[in-house]
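# Coordinates in review
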Amino acid sequence: MGKLMKSLTIKTILAISTLGSFSTMHAAPAVSLGDEVHLFVNLASGFEYNSNITRKSKGAELEDTIFTIHPGIEVTLGEGSASAVFTASYEFREYLDYGDDFSGEYGHLKLVTVYDNGVTSFQGLARYDQYSSAANTSDNLNPFIAANKNFEKSVISGTVKHGLNDSVDVSVGGIYDKTEYDRDSLGIRLVGSEGFSVPVKLYYKVTPEIATIAGYRYREVQTDGGSGNPPIAYQDDYYFVGLDGVVFNELWSVDLDAGYQERSSSAGSSDGLSFNGKLNYSADSNKSMYVMFSRDFKSGTTAGNSYVETLFYAGGSLKVSERLSATARAGVGQSKYSTITRKEDLILLSTGLNYIPNEYLTIGARIQYTDIDGKGTGAANYNATSISLNASLRY
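Definitions and limits used
Residues numbered from 1 in each chain as written. Predicted model: local features only at pLDDT ≥ 70, side-chain atom pairs only at ≥ 80, totals over all residues. Heavy atoms only, no water. Helix = DSSP H or I, 4+ residues; strand = E, 2+ residues; numbered from the N terminus. Buried < 20%, exposed > 50% of the residue type's maximum accessible area, 1.4 Å probe, protein only. Contact = heavy atoms within 4.5 Å. Areas by Shrake-Rupley, 256 points an atom, 1.4 Å probe, with all protein chains shown as cover. Pairing = 2+ DSSP bridges. Core = buried A, V, L, I, M, F, W, Y, C linked by side-chain atoms within 4.5 Å. Patch = residues over 30% accessible without salt bridge, like charges linked within 9 Å, V, L, I, M, F, W, Y side chains within 5 Å. Salt bridge = Lys/Arg side-chain N within 4 Å of Asp/Glu carboxyl O. pLDDT = per-residue confidence, 0-100. Phe/Tyr/Trp six-rings, centres within 6.5 Å; stacked < 30°, edge-to-face > 60°. Lys NZ or Arg CZ within 6 Å of the ring centre and 35° of its normal.

## Looking at the overall build of the chain
From N to C terminus, the chain includes 2 helices and 19 strands. Relative to its 395 residues, the chain shows a buried fraction of 36%. A separation of at least 24 residues holds for 52% of the contacts in the chain among residues at least 6 apart in sequence. Working note: accessible area of the chain is about 20,700 Å², and carbon and sulfur atoms make up 59% of it.

## Looking at the pairing of strand β10 (residues 210–223)
By the bridge criterion, 13 bridges tie strand β9 (residues 193–205) to β10 in an arrangement that is antiparallel. Note on β10: the bridge partner recorded for glycine 195 is valine 221.

## Describing the nonpolar core
A general tendency of soluble globular proteins is for nonpolar side chains to be buried together. Core analysis: the biggest nonpolar cluster contains 8 residues, these being Leu311, Tyr313, Leu346, Leu348, Ile372, Ala380, Tyr382 and Ala384. For this core, the secondary structure elements donating two or more residues are β15 (306–319), β17 (342–355) and β19 (382–394). Within the second largest apolar cluster, 5 residues are counted, among which are Tyr203, Ile213, Tyr238 and Phe240.

## Structural notes on a nonpolar patch on the surface
The grouping of Phe312, Val332, Ile347, Leu349 and Tyr369 at the surface amounts to a nonpolar patch, some 420 Å² of accessible area in total. With respect to the element layout, leucine 349 can be found in strand β17.

## Looking at the pairing of strand β2 (residues 37–50)
When strand β1 (residues 31–33) meets β2, the two strands line up antiparallel, connected through 3 bridges. Of the residues in β2, the one forming a bridge with valine 31 is leucine 39. Linking β1 to β2, which pair antiparallel, is a turn of 3 residues; within it glycine 34 sits at a positive phi near 70°. Across 14 bridges, β2 lies against strand β3 (residues 64–79) in antiparallel orientation. Looking at the pairing, phenylalanine 47 lines up with phenylalanine 67 of β3.

## Notes on the confidence of the model for the chain
In the predicted model, the chain carries a mean pLDDT of 87, and the fraction of residues at 70 or more is 88%. Under a pLDDT of 50 for its full length, residues 1–27 has, in the predicted model, 32 contacts with residues more than four places off or in other chains. The low-confidence segment residues 135–141 (pLDDT under 50) makes 23 contacts with residues lying over four places distant or belonging to another chain.

## Here we look at the packing of aromatic side chains
Applying the stated criterion across every chain, the model contains 14 aromatic pairs. Pairing phenylalanine 151 with tyrosine 181 gives two aromatic rings, centres 5.1 Å apart and planes at 40°, and the pair type is tilted. Here tyrosine 181 lies in strand β8 (residues 168–181) and phenylalanine 151 lies in strand β7 (residues 150–163), a separation of 30 residues in the sequence. Phenylalanine 151 gets classed as buried once you look at its relative accessible area, which sits at 4%. Given the relative accessible area of 5%, tyrosine 181 is considered buried. Ring pairs connect the aromatic residues Tyr131, Phe151 and Tyr181, which therefore count as one cluster. Against the face of tyrosine 313 rests arginine 329, its NZ or CZ located 4.7 Å from the ring centre. Positioned above the aromatic ring of phenylalanine 40, the side-chain terminus of arginine 394 is 3.7 Å from the ring centre.

## As for unusual backbone geometry
We note that arginine 55 has phi near 55°; this positive angle belongs to a residue other than glycine. For arginine 55, the position within the fold is in the loop between β2 and β3. Unusually for a residue other than glycine, phenylalanine 248 sits at a positive phi of about 65°. Of note, phenylalanine 248 is situated in the loop between β11 (233–247) and β12 (252–265). For phenylalanine 248, a relative accessible area of 70% puts it in the exposed group.

## A few points about the pattern of salt bridges
What the rule picks out here adds up to 13 salt bridges. The shortest N-O distance in the salt bridge between glutamate 91 and arginine 93 comes to 3.3 Å. Side by side, glutamate 91 and arginine 93 carry an identical accessibility label, which is buried. Lysine 375 is paired through a salt bridge with aspartate 373; the nearest N and O atoms lie 3.3 Å apart. A relative accessible area of 31% places aspartate 373 in the partly exposed class. Salt bridges linked by common partners bring Arg217, Arg219, Asp236, Arg263 and Asp296 together as one network.

## What to know about the environment of alanine 88
As for its position among the elements, alanine 88 is in strand β4 (residues 82–95). Residue alanine 88 is classed as buried on the basis of its relative accessible area, which comes to 17%. For the pair alanine 88 and arginine 127, spaced 39 residues apart in sequence, the C-alpha separation works out to 9.7 Å. Not counting residues within four places of it along the chain, the set of residues in contact with alanine 88 comprises Pro71, Gly72, Ile73, His108 and Leu109.

## Side note on the environment of valine 168
Examined against the element boundaries, valine 168 turns out to sit in strand β8. Between the C-alpha atoms of valine 168 and tyrosine 204, which are 36 residues apart in sequence, the distance is 4.8 Å. When residues no more than four places from it in sequence are discounted, the contact partners of valine 168 are His162, Gly163, Leu202, Tyr203 and Tyr204.

Structure representation (structure tokens):
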């Protein structure tokens, strides 16, 4: 306990001293090179109470309070038709009661590039993240993953879109992603995966604001077997149609694809409906709403078995005043396995407040409730409530 408190005290002093130095700085980026290169320094810190840090069933829960410090930098390059944003950060997570088992340090790197000359556009992404699945963060909000397992995730993607004429566009993309789990204290490693996909889309503009889509995506996924499981290779063929653009009126926008998908592997084959989309409504700058939905094949982390994950989310934001805003989100979902008897149903509810006293500082509070009702071999079955208070500084 003394080692834990010493570590926590050192990190607390670091956070307070850094906040103090930032508060004396002037507006604008920390460093600017001309008009197109800007360096920002970021720092986030907060406390979170979680009623079930290991995501165990009723009677086996462990509750704890987690202290986090998240320093980082952000570099923006270019403006107009070409730009890039690079961010790097390092996250310290200290569990106050179970620090020896769950505390950790995690790095995050991300590069986003955009180019658009009016005829041809490119969007690129490269990122590397270290996570703990016991951590309830927006970048790792997958409650189907087993608890307290550290893992690394790498993603590289790019999409080129070109206008053939005033009515027809074509896009080609490539996505590589890899997830690799660390061994836990018992030497057990969950099943990770590595794969790539190539989506091709043909757009036809029905009006200048809305386009129909016809497309195909080829995907390969290879699981790594984890501890003692045979690797499985999956091949997916997805044929789809969709919509992209403004619908109803200028307040509504949609990005949707839906179609038929086949999955084949040495463990068997399956097929069915797949979809992915988002519908946005923006009444004005003070309030907005959205609905997100997806259905796709995934591979499990216990033995690499194939399952279908279906998710529906709805949420919105409201600007209460010039400095205060509120957000809310509700979601339901299901994971259903095809080769074993296992199914999990998800319910997620969250709400939060953000207060921005000045251009540098954001203070936030959030409450989230998650419920997983699982049945079958290895299914998760738990509920958890988290309450967090945090502050972030950008200079």
